[in-house]
Amino acid sequence: MRIGRRGIILPGILLAVFFAGYVLYPFLQTALASVHVDGRLSLGHYRELFDPGNSANLEAVANSVMVSILSVVASAVAGVFLAFVVTQFNFTGRRTLSRLAVMPIALPPLVGVIAFLFVFGESGILPRLFQILLGLERPPLFLEGIPAIVVIHAYSFHIYFYLLVSEALRRMDGSLLEAAEILGSRPWRTFRRIVLPHLRPALVGGSVLAFMASMASFSAPYLFAGGRRFITLQIFTTKLNGELDLAAAQSVMLLAVSLGFFVIFNVLGRDAGGRGGSKGVSRPKALRLPRVVRRICIMLAVVLVAIEMLPMLVIVLVSFAQEGSWTSQLFPSAYTIENYRALVSDPDVLSPFGNSLLMGVLTVCAALVIGVSGAYVLEKGGLRRGKLFVDTLLTSPYAIPGTVVAVGLILSFNRPSLLSGNAVLVGTFWILPLAYLIRTYPLVVRSTAAALAQIDDSLLEAGQSLGAGAWRRFRRIILPLLIPGILSGCLLAMIAAVGEFVSSILLYAYSSRPISVEILAQLRTFNFGAASASCVLLLLMILGIVALTNVVAGRSAPRDLFLSN
Amino acid sequence: MAFLSLRKLTKEFAGKAAVREASLEIPRGEFFSILGPSGCGKTTLLRMIAGFELPTSGSIVLNGNDVTSHAAQDRGIGMVFQNYALFPHMTVFENVAFGLQTQKKSVQEIAERVERILDAVRLREKTRLSVTTLSGGEQQRVAVARALVVEPSVLLLDEPLSNLDVALRLQTREEIRSLQRKTGITTVYVTHDQSEAMSLSDRIAVMNAGCVEQVGTPAEMYESPASPFVARFLGGANILRVAGSIAIPPEITVRGGDGLRVAVKPECISLLEKPAPGGPTCVIEEKEYLGFTTNFVIRVSSDRVRATMVSSEFSRRLKPGDEVGYAVDWSRSTAFPGGSP
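Quick caveat: nothing in here was measured; it's all calculated off a predicted structure.

Calculation notes
Residues numbered from 1 in each chain as written. Chains lettered and ligands numbered in written order. Predicted model: local features only at pLDDT ≥ 70, side-chain atom pairs only at ≥ 80, totals over all residues. Heavy atoms only, no water. Helix = DSSP H or I, 4+ residues; strand = E, 2+ residues; numbered from the N terminus. Rg over C-alpha atoms; globule rule 2.2 N^0.38 Å. Buried < 20%, exposed > 50% of the residue type's maximum accessible area, 1.4 Å probe, protein only. Contact = heavy atoms within 4.5 Å. Buried area = accessible area lost by both parts, 1.4 Å probe. Salt bridge = Lys/Arg side-chain N within 4 Å of Asp/Glu carboxyl O. Polar contact = N/O pair within 3.5 Å; in protein donor to acceptor, adjacent residues only side chain to side chain. Expected span 1.5 Å × (residues − 1). Pairing = 2+ DSSP bridges. Axes fitted to C-alpha atoms, helices over the stretch in contact; angles between N-to-C directions. Core = buried A, V, L, I, M, F, W, Y, C linked by side-chain atoms within 4.5 Å. Parallel < 35°, antiparallel > 145°, perpendicular 65-115°, else oblique. Left-handed = near helix turned anticlockwise from the far one by under 90°. Nonpolar A, V, L, I, M, F, W, Y, C, P; charged D, E, K, R; others polar. Phe/Tyr/Trp six-rings, centres within 6.5 Å; stacked < 30°, edge-to-face > 60°. Patch = residues over 30% accessible without salt bridge, like charges linked within 9 Å, V, L, I, M, F, W, Y side chains within 5 Å. Areas by Shrake-Rupley, 256 points an atom, 1.4 Å probe, with all protein chains shown as cover.

Help me understand the overall build of chain A in this model?
A count of helices and strands for chain A gives 23 helices and two strands. Taking 565 residues into account, the globule formula puts the C-alpha radius of gyration at 24 Å, and chain A, at 25 Å, falls close to it. Based on the C-alpha atoms only, the size of chain A along its principal axes is roughly 70 × 65 × 55 Å. Counting every position in chain A, which comprises 565 residues, the buried fraction comes to 53%.

Just to check I follow, could you spell out the interface of chain B and chain A for this structure?
Interface size, as often reported, equals the accessible area lost upon joining of the parts. If you look at the interface, chain B gives 22 residues, while chain A gives 20 residues. Carbon and sulfur atoms supply 58% of the area that chain B and chain A bury against each other, a total of about 1,900 Å² over both sides. By the criterion of area lost to chain A, the three top residues of chain B are B:Phe52, B:Gln73 and B:Phe98, representing 31% of everything that side buries. Our count for the contact surface shared by chain B and chain A stands at one salt bridge. Between A:Glu461 and B:Arg47 there is a salt bridge, and its shortest N-O distance comes to 2.6 Å. On the surface where chain B and chain A come into contact, there are six residue pairs in polar contact (both at pLDDT 80 or more).

Please clarify how unusual backbone geometry should be interpreted in this entry.
With glycine set apart, most residues show a phi of negative sign, and most peptide bonds adopt trans. All names here are of chain B. Positive phi, close to 60 degrees, is recorded for Lys104, a residue that is not glycine. Within the secondary structure, Lys104 is located in the loop between helix H2 (92-102) and helix H3 (107-120). Note on Lys104: relative accessible area 69%, which makes it exposed. Positive phi values are uncommon outside glycine, yet Glu151 reaches one of about 50 degrees. Topologically, Glu151 is positioned in the loop between helix H4 (136-148) and strand E7 (154-158).

Is there a simple way to explain helix H15 (residues 347-380) of chain A in this structure?
One turn of an α-helix holds 3.6 residues; hence residues three or four places apart share an orientation. End to end, H15(A) covers 48 Å across 34 residues, agreeing with the expected 50 Å (1.5 Å per residue, within 8%). At the exit of H15(A) stands A:Gly382, carrying a positive phi of roughly 70 degrees.

What's the story with helix H19 (residues 457-465) of chain A in this structure? I'm lost.
In terms of burial, H19(A) is largely enclosed, as eight of its nine residues are buried. Restricting attention to buried positions, one finds in H19(A) the residues A:Ser458, A:Leu459, A:Leu460, A:Glu461, A:Ala462, A:Gly463, A:Gln464 and A:Ser465. For H19(A), the secondary structure elements touched by its buried residues are helix H20 (470-498) of chain A together with helix H1 (42-50), strand E6 (77-80), H2 and H4 of chain B. At the N-terminal boundary of H19(A), the capping side chain belongs to A:Asp456, with an oxygen 2.8 Å from the backbone nitrogen of A:Ser458. Just past H19(A), the residue A:Gly467 takes up positive phi, approximately 95 degrees.

What exactly am I supposed to notice about the sheet that holds strand E18 (residues 303-310) of chain B here?
Each strand in a sheet pairs with another by means of backbone hydrogen bonds, the pair being arranged parallel or else antiparallel. Residues and elements named next belong to chain B. Ordered by their spatial adjacency, five strands build an open sheet running E15-E19-E16-E17-E18, and the pairing between neighbours is antiparallel. Each end of this open sheet is capped by a strand with a single partner; those strands are strand E15 (269-272) and E18. Each strand of the sheet is rotated relative to its neighbour by a mean of 45 degrees, with strand direction disregarded. Inspection of the sheet shows strand E16 (residues 281-289) paired to strand E19 (residues 323-328) by three bridges, in the antiparallel sense. Bridge pairing links Val283 to Glu323 in E19.

Teacher, can you tell me more about the pairing of strand E4 (residues 57-62) of chain B here?
The two faces of a sheet get side chains in turn, since along a regular strand they alternate between them. Residue and element names in this part refer to chain B. In terms of strand pairing, strand E1 (residues 4-13) meets E4 through five bridges, oriented antiparallel. Residue pairing across strands places Arg7 opposite Ser59, the latter belonging to E4. As paired elements, E4 and strand E5 (residues 65-66) share two bridges and run antiparallel to each other. The residue bridging Leu62 from the neighbouring strand is Asn65, located in E5. Linking E4 back to E5 in an antiparallel pair, the connection comprises two residues, with Asn63 at a positive phi of about 50 degrees.

Is there a simple way to explain the nonpolar core in this structure?
Nonpolar side chains in soluble globular proteins tend to be buried together. If you look at the biggest cluster of nonpolar residues, it comprises 239 residues, and the most contacted ones within it are A:Leu409, A:Tyr441, B:Leu4, B:Leu45, B:Leu118, B:Leu156 and B:Val188. Broken down by element, this core gets its largest block of residues, 16 residues, from helix H7 (residues 145-171) of chain A. With sequence-adjacent residues up to four places away left out, B:Leu118 is seen in contact with B:Val92, B:Val96, B:Leu123, B:Arg124, B:Thr127 and B:Ala145. Core analysis: the second largest hydrophobic core is formed by 20 residues, B:Leu240, B:Val262, B:Phe296 and B:Met309 among them.

Looking at this structure, I do not really get the packing of H2(B) against H4(B). What am I missing?
Residue and element names in this part refer to chain B. The interhelical angle for the contact between H2 and H4, taken along N-to-C directions, is 25 degrees, at an axis separation of 7 Å. Our classification of the angle between H2 and H4 gives roughly parallel. The hand of the H2/H4 crossing is right-handed. Between H2 and H4, the residues in contact are Val92, Asn95 and Val96 and Val142, Ala145 and Arg146, respectively. Its residues assigned to classes, the contact of H2 with H4 comprises four nonpolar, one polar and one charged.

What exactly am I supposed to notice about the pattern of salt bridges here?
Side chains that differ in charge, positive against negative, can pair when their charged atoms come close. Under the counting rule described, the total for this entry stands at 24 salt bridges over all chains. The shortest N-O distance in the salt bridge between A:Glu59 and A:Arg229 comes to 3.6 Å. Taken together, the residues A:Glu59 in helix H3 (residues 56-88) and A:Arg229 in the loop between helix H10 (219-224) and helix H11 (231-240) connect sequence positions 170 residues apart. Measuring nitrogen to oxygen at the nearest pair gives 3.6 Å for the salt bridge that ties B:Asp322 to B:Lys319. Residues joined in a network through salt bridges with shared partners are B:Glu285, B:Glu286, B:Arg299 and B:Arg304.

How should the packing of aromatic side chains be read in this particular structure?
The geometry of an aromatic ring pair is captured by the separation of the ring centres together with the interplanar angle, meaning the angle of the planes. All names here are of chain A. Tallied over the entire structure, the rule returns 21 aromatic pairs over all chains. Relative to Phe528, the ring of Phe118 lies with its centre 5.4 Å away and its plane at 70 degrees, an arrangement referred to as edge-to-face. You can see Phe118 sitting in helix H5 (residues 109-120) and its partner Phe528 sitting in helix H23 (residues 528-553), a full 410 residues away along the chain. Residue class for Phe118 comes out buried when judged on its relative accessible area of 3%. Ring geometry for Phe526 versus Phe528: centroids 6.0 Å apart, planes at 80 degrees, classification edge-to-face. Given the relative accessible area of 21%, Phe528 is considered partly exposed. Taken together, Phe18, Tyr22, Tyr25, Phe413 and Tyr441 form an aromatic cluster joined through their ring pairs.

Explanation requested: a nonpolar patch on the surface in the structure shown.
A cluster of nonpolar residues, A:Leu129, A:Phe130, A:Leu133, A:Leu134 and A:Leu136, forms a patch on the protein surface that exposes about 480 Å² of accessible area. Tracing the backbone through its elements, the reader meets A:Leu129 in helix H6 (residues 125-134).

Would you mind going over the side chain of A:Ser504 with me for this structure?
Residue and element names in this part refer to chain A. Topologically, Ser504 is positioned in helix H21 (residues 504-507). Here the side chain of Ser504 touches Tyr436 through a polar contact of 2.8 Å, side chain to side chain. Ignoring sequence-local partners within four residues, the contact set of Ser504 consists of Leu432, Tyr436, Pro514, Ser516 and Val517.

What follows is the structure, given as structure tokens:
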């Protein structure tokens, strides 16, 4: 597409100002603060971090990295397995299974963690069930500490593998498998030599996403870590202790580890193998496996998806529990709709929902402008060599842990500046949507850029040869083809914003507290019923947004376009 | 005065010339083909006419107006793309109506004209369907209808048949020709298929490596090619190096120094059932039976030469390895001086 250089200038400037002011500047502030002790330039904080005598921080980093690696492995096993069953086997209920399998993507991290606590925690339903069945004093087995965190991570992050791998399998040319077969290859060899290399980009992509998400994870360690240290928790407690400079140094450390992996994986994943180039209709084809093996795989997949559903069901159940009715029993003993009535009638309880919704809308509006500008500059800005660099730069905030974003914003906007409209943003309502925006606009960039790349130049030339000017081409051809992509990006940004917890917990003020913070407060007072009711309402809200988007876009369930790069 | 004239058009990409000083004069109503192998610059030339590429130098004059620097949307030229470039989010009707809507025609006029053109391309019943549900041939016809409905001054077609299967290609070819005759629209057709160009065109330009090698009617091009390249590309001619001199009757006698090349069409070489005694002989290397005709590859001293004859009792008897007499009809051959073949 040929657009005059002028068409790039406005979005380019907008993007540059935004990126410099709200991504780079907070990062620089963080880096600066980390090398200051009591206002003087010093490496004291880093000396403290690496002090062999006080290994708390190093231990935290080591724990985080270890848990992240375990989480990647667990997520990969579950995600790849599900992807295989859903794409390779034909059985009744396959479509339902594939729909259900992606449900956790709409689940805010905090809600997932709480649901897990109710099902698998020390006083959760399943451990108690076993305790009662076996007649024991204590639950024989329950999830806590590192295994719990890894399982929760696998629960949330296997979706990355599932989506990427099933997409790759669907795109795989069936004739490749037939060619291997006719050359005498057995299923296992075909899998190893043909399928696995084909899946490599998907596996690399899934690994980087799962790793980054695990490193940045806050909710799971926060509720399950026991006494163990994790880097995100360290930053949180340091900040609560008022040692902002040390928190900054810890943030730099976390960021360095995370971004290091992000860049390495990004470079590794780019040389994706060629797409199937066969002409005509490519027939997807399954590996030929013995019937028994297929049966077992399908059963396992069904069990896995059922386990995925369990936490959501339990949270709905608990939301009807009467306050104080669930202490040592298997299930809550008394049920009521009081929790929901309180939600609707108590303005103090309901106001967080208003806050989150409003902040979500603000976030999406801003992400729309920034994200579409970014995609436009990226795809149509005439970038050649610099494209990979700009792409990586623009989408990098997605890889910045929420904790780090929050620390950066606190350090940058705790005094009036031009960037904050000459106001102190810390402690106000506005700093929350700003944090959400920084964390979510890359989703819109990604999805829009993907859609933009699909628009063949010849379509615009056809429009041009039919007499359509630039504006008309944009309105009649580009925009309609782009809207589904933009919408799916906005949807993901909205879901992430309304359920956001990690930055919120560091940034909120009581009057501007979002749902997640309110849920945590209810949990803290052992008000499980009320907390669950809030979770359910949040989920309903998200489902409503998804449904609304689908109506507008006229498309089936959204997929994470950030993943289908 | 030609309706569309291209004057010394040159297009360079990164310093490399894709089209070099191409000049063409196309009168109103002509069906004109640009023929050449892939990479010869024919599509670039077409895109310059359409207005998608700005020439590095030279000018384009359409109906007396210099349109070289006009934007594509202001030229009033219709184009059918190789991949059709149908708008995937629109129905057949919406695709075809797009250009008329741009011209701000009334709803009623748009409906009438779209209906008429869809009738002409036999797509009346598919009006309300999404273009993505159509077959390749139907999509191709929508693309033609969309380009024609706005009554452009010139219709450009960029290898419009290359995505169709053989049977459909022949049928569509005839349809394009009859549609062009009916509308009388000046048409520029780009293709790498010489049979398409020959069968459709009033005149053809053959391009090679960015240059126009020859312009003429199909018969002119076939009978008297201007270069060995044209002879090979259009007639599948053998280029024979001849030492000494030969007489090509009736008018020319070419004296070959050390590099005389003669283009001899396969059908000008006959294999003889009863050769004259002492006449030249060749060895048959390959045989290709095509029904009405049979193709042979024969070896004459060190040259491999293609020969075509109408299938007969005799031709059916021949098989690779046979030695057989032959004769050349030099009268329909063309000789070129020196250089490599």
